[in-house]
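Listed below are the residues making up each chain.
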Amino acid sequence: QVQLVEAGGGLMQPGDSLRLSCTASGRTFSSYAMAWFRQAPGKEREFVAAMNWIGGSLYYADSVKGRFTISRDDDRNTGYLQLNNLKPEDTGVYYCATRRYAYKNLDQPTTYDSWGQGTQVTVSS
């Protein structure tokens, strides 16, 4: 397992952009699949985006396709989620998650064994 720390959340207006980061420590990040999930108040945690451990395959929830982009910088042991054209329904706590060598079922939270503490994103006018 690795230790993950998210950062970058905040209070935003509809249409704004934001970049979240997820910094890993403890192991070499490059061998890990990475994902972002979010949880709105009173709702279950939902999949947002994922990248397999090789980094060549990206996956997005339909609700964020074309607006959010997942990426990583293995030299910095950091993953990112770029959020563009934010909407009120994007509000929630955003969590990053990792699992070494994961390459399937990347949209399932049970795939991952390391989670960050979450960062709050609020979109409101």
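Everything below is about the structure printed above this text.
Reading the values: the criteria
Residues numbered from 1 in each chain as written. Predicted model: local features only at pLDDT ≥ 70, side-chain atom pairs only at ≥ 80, totals over all residues. Heavy atoms only, no water. Disulfide = S-S within 2.5 Å. Helix = DSSP H or I, 4+ residues; strand = E, 2+ residues; numbered from the N terminus. Buried < 20%, exposed > 50% of the residue type's maximum accessible area, 1.4 Å probe, protein only. Salt bridge = Lys/Arg side-chain N within 4 Å of Asp/Glu carboxyl O. Contact = heavy atoms within 4.5 Å. Polar contact = N/O pair within 3.5 Å; in protein donor to acceptor, adjacent residues only side chain to side chain.

### Comments concerning the state of the cysteines
According to the stated counting rule, one finds 1 disulfide in the structure shown. Disulfide partner of C22: C96, at an S-S distance of 2.0 Å. The sign of the S-S torsion, about 65°, decides the handedness of the disulfide formed by C22 and C96: right-handed. Taken as a pair, C22 in strand β3 (residues 18-25) and C96 in strand β9 (residues 92-100) lie far apart in primary sequence, 74 residues in all. C22 sits in the buried class, given a relative accessible area of 0%. What makes C96 buried here is its relative accessible area of 0%.

### Regarding the pattern of salt bridges
Evaluation of the coordinates by the stated rule reveals 7 salt bridges. Across the salt bridge formed by D90 and R38, the nearest N and O atoms sit 2.9 Å from each other. Of this pair, D90 sits in the loop between β8 (78-83) and β9 while R38 sits in strand β4 (residues 32-39); the two residues are 52 residues apart in sequence, bridging distant segments of the chain. Comparing D90 with R38, the two get one shared label, buried. Here R67 ties to D90 by a salt bridge, and the two come within 2.7 Å at their closest N and O atoms. Of this pair, R67 sits in the loop between β6 (58-60) and β7 (68-73) while D90 sits in the loop between β8 and β9, and the two are 23 residues apart along the sequence. Considered together, R67 and D90 belong to a single accessibility category, that of buried residues. Where salt bridges share partners, they join R38, E46, R67 and D90 into one cluster.

### Overview of the environment of E6
Residue position: E6 is located in strand β1 (residues 3-7). Exposure remark for E6: the relative accessible area of 5% places this residue in the buried category. For E6 and C22, which are 16 residues apart along the polypeptide, the C-alpha to C-alpha distance reads 4.3 Å. Each residue touching E6, except ones within four places of it in the same chain, is listed here: S21, C22, W36, Y94, Y95, C96, G116, Q117, G118 and T119. There is a polar contact of 2.8 Å between the side chain of E6 and the backbone nitrogen of C96. From its side chain, E6 meets the backbone nitrogen of G118 in a polar contact 2.7 Å long.

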